[in-house]
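Chain residues, written in single-letter form:
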Amino acid sequence: MTKQSWAEPFKIKSVELLRMTTRQEREAIIAEAGYNTFLIRSRDVYIDLLTDSGTAAMSDRQWAGLMLGDEAYAGSENYYHLEAAIQEHYGYRYLVPTHQGRGAENILSQLMIKQGDFVPGNMYFTTTRLHQELAGGAFVDVIVDEAHEPASEHPFKGNVDIAKLDRLVREVGAARVPYVSLEANVNMAGGQPFSMANLKELSAYCRARNIPIMLDATRAIENAYFIKEREPGYANKSVKAILREMCDLTDGATVSAKKDLLVNIGGFLALNDEGLFKRAQNLAVVYEGLHTYGGLAGRDMEAMAQGLREAVMESHQAARIGQVRYLGEQLEAAGVPIVKPIGSHGVFIDAAAFLPHIERDAYPAQALAAAIYVEAGVRAMERGNVSAGRDPETGANRQPNLELVRLTIPRRVYTQAHMDVVAEAVIGVHQRASTIAGLRLTYEPEYLRFFQARFEPLGP
Ligand code: PLI
């Protein structure tokens, strides 16, 4: 068969130089950072795969858009551009811009959740669940079982298990379920999509019981691309049309624009219900800023509107998801245990299988992320026991089944040569896996501990 290569649908106009450190320097840096990759200075990182959030390279059109910033306190022209782009692409009627995704989550949770409510969702996300809990709700996981199995090849591991949802609704009553929290391309499961068929079924179930569906559309465009690739009947539909179809089955969305939308800061809440929108606009002035800027500069909203137009381009998604797959396939071929199928925004290493000698409460994924940094200056993120935090009732570590390290790929930033270096580094660590020791917590903050916690090694 003739080889069919693909290439990025852009050329590079401006570059940022990288700095390489020595292994000895990195050993000192990771100890200084308390074995937490969030606490390393960016200047000490060679290839930064901490997150795909706010790390994209903007296009020339987005940079040009910054010059069109209308920095008026009220009624900025850029707000109206963004509103039109969101109405066109997502289809929701009303927009409340926020400084980033968690700003939208805060407003939505405060408006919709009452003390004692239950919020079902397809696996938790850290900030989303915390805002639900701070508003008095309890998160209930209703994702399909396969999502918790790293090796399962289920093509739609982001699907909701409707039977699990129904059990909850029957047990507590629909009145205590303010909405279903549905995440597109489920981050903590490894960037795994839901199918349109599952969403249609969920929507019918919820509409019959008057339970709204609130979509976390942070990576909905990447989810739409997977539907096009994998779901029967969608191969000839555009990503843009699939996104609209998806959103039309839901009642509103929270979005961190720092992912799909190719900007370095920004987010929004989008709603269809006018009454809820008015209340959200009112809360926005308490926490974010006036309802026509929500903590953003006018120029940020312009870059977001342009980023949205670029994000739905199939050539962009093909290269974006293709690059993640390129890295994942190299690791898989070398026998590194990773979450299958390879997701959209990163390759997730199964740290429990990689480091079977480290028990869960000695944080294998945290230890692995630190080891990968020491190996080659590649920064990854723990997504396991540390990220999951403690059960608010018992105080015990939640110990999720998935104990992962995420190699998250920023959009349009790195080349395939960078991916080769990352693969070599991870394969190198895999070869000496048995020499890696577990960690013990030395400092644990109250909220979202993974960002600021500090550790020390349990052994040499
Ligand atoms: O980081 P924010 O506040 O703009 O967005 C919060 C947020 C909400 N939902 C989902 C699915 C996310 O992935 C998300 C943020 N994710 C980060 C920061 C990440 O590194 O994955």
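One can find the structure itself at the top, above this paragraph.
Described below are features of the structure shown in this document. Every value quoted in this text rests on a predicted model; they were computed, and no experiment measured them.

The rules behind each value
Residues numbered from 1 in each chain as written. Predicted model: local features only at pLDDT ≥ 70, side-chain atom pairs only at ≥ 80, totals over all residues. Heavy atoms only, no water. Pairing = 2+ DSSP bridges. Helix = DSSP H or I, 4+ residues; strand = E, 2+ residues; numbered from the N terminus. Axes fitted to C-alpha atoms, helices over the stretch in contact; angles between N-to-C directions. Phe/Tyr/Trp six-rings, centres within 6.5 Å; stacked < 30°, edge-to-face > 60°. Buried < 20%, exposed > 50% of the residue type's maximum accessible area, 1.4 Å probe, protein only. Left-handed = near helix turned anticlockwise from the far one by under 90°. Contact = heavy atoms within 4.5 Å. Nonpolar A, V, L, I, M, F, W, Y, C, P; charged D, E, K, R; others polar. Core = buried A, V, L, I, M, F, W, Y, C linked by side-chain atoms within 4.5 Å. Near = heavy atom within 4 Å. Polar contact = N/O pair within 3.5 Å; in protein donor to acceptor, adjacent residues only side chain to side chain. Expected span 1.5 Å × (residues − 1).

So, about the sheet that holds strand 11 (residues 381–383). Taken together, 3 strands build an open sheet; the order of strands is 9-12-11 and the sheet is antiparallel. Only two strands of the sheet have a single partner each, and these edge strands are strand 9 (346–350) and strand 11. Within this sheet the neighbouring strands show an average axis-to-axis angle of 30 degrees, counted without direction. Note that strand 9 and strand 12 (residues 404–408) share 5 bridges and pair antiparallel. Residue pairing in the sheet places Gly346 in a bridge with Thr408 of strand 12.

Two numbers describe a pair of aromatic rings. These are the distance of the centres and the angle of the planes. Under the definition given, this model contains 8 aromatic pairs. Arranged with centres 5.9 Å apart and planes meeting at 55 degrees, the rings of Phe38 and Phe450 form a pair that is tilted. Note that Phe38 is positioned in the loop between helix 1 (23–32) and strand 1 (47–48) and Phe450 in the loop between strand 13 (439–443) and strand 14 (454–457), a separation of 412 residues in sequence. Geometrically, the ring pair formed by Tyr73 and Tyr293 is edge-to-face, given 5.1 Å between the ring centres and 75 degrees between the ring planes. Of this pair, Tyr73 sits in the loop between helix 2 (60–66) and helix 3 (77–89) while Tyr293 sits in the loop between helix 10 (274–287) and helix 11 (298–311), and the two are 220 residues apart along the sequence. Judged by its relative accessible area of 55%, Tyr73 falls in the exposed class. One aromatic cluster is present, built from ring pairs that chain together Phe38, Phe450 and Phe451.

Moving on to the packing of helix 14 (residues 364–376) against helix 16 (residues 416–431). Contact pair helix 14 / helix 16: the axes reach a minimum separation of 9 Å and the direction vectors enclose 120 degrees. Of the two elements, helix 14 crosses helix 16, and the hand of that crossing is right-handed. Of the residues in helix 16, those touching helix 14 at Leu368, Ala371, Ile372, Glu375 and Ala376 are Ala425, Val426, Gly428 and Val429. Looking at the contact of helix 14 with helix 16, its residues break down into 7 nonpolar, 1 polar and 1 charged.

Another point: the nonpolar core. In terms of nonpolar packing, the biggest core is built from 63 residues, with Tyr90, Leu202, Leu215, Ile221, Met246 and Phe268 touching the most fellow members. Setting aside anything within four residues of it in sequence, one finds Met246 in contact with Phe194, Met196, Leu199, Ala220, Asn223, Ala224 and Ile227. Ile47, Leu368, Ala371 and Val374 belong to the second-largest nonpolar core, a separate cluster that totals 51 residues.

In the vicinity of the ligand lie 18 residues, with Thr51, Arg102, Asp216, Ser256 and Lys259 positioned nearest. Backbone polar atom of Gly101 to an oxygen atom of the ligand: 2.8 Å apart, as the coordinates give it. Note that an oxygen atom of the ligand is positioned 2.7 Å from one of the side-chain N or O atoms of Ser256. At 3 residues, the largest contribution of residues to the shell around the ligand is made by helix 4 (residues 101–112).

Here helix 14 contains 13 residues, and its C-alpha end-to-end distance of 19 Å stays within 8% of the 18 Å for a straight helix at 1.5 Å per residue. Of all 13 residues in helix 14, 13 are buried, a share of seventy percent or more. Backbone geometry just downstream of helix 14 places Gly377 in the positive-phi region, at approximately 75 degrees.

With that settled, the discussion passes to helix 7 (residues 196–208). Along an α-helix, residues three or four apart share an orientation, since each turn contains 3.6 residues. An ideal rise of 1.5 Å per residue puts 18 Å on 13 residues; helix 7 measures up with 18 Å between its terminal C-alpha atoms. Of the residues making up helix 7, those classed as buried are Met196, Asn198, Leu199, Leu202, Ser203, Tyr205 and Cys206. On the buried face of helix 7, the contacting elements are helix 6 (162–172), strand 5 (180–183), strand 6 (213–216), helix 8 (220–230) and helix 9 (239–248). Two residues or fewer after helix 7 comes Asn210, characterised by a positive phi angle close to 60 degrees.

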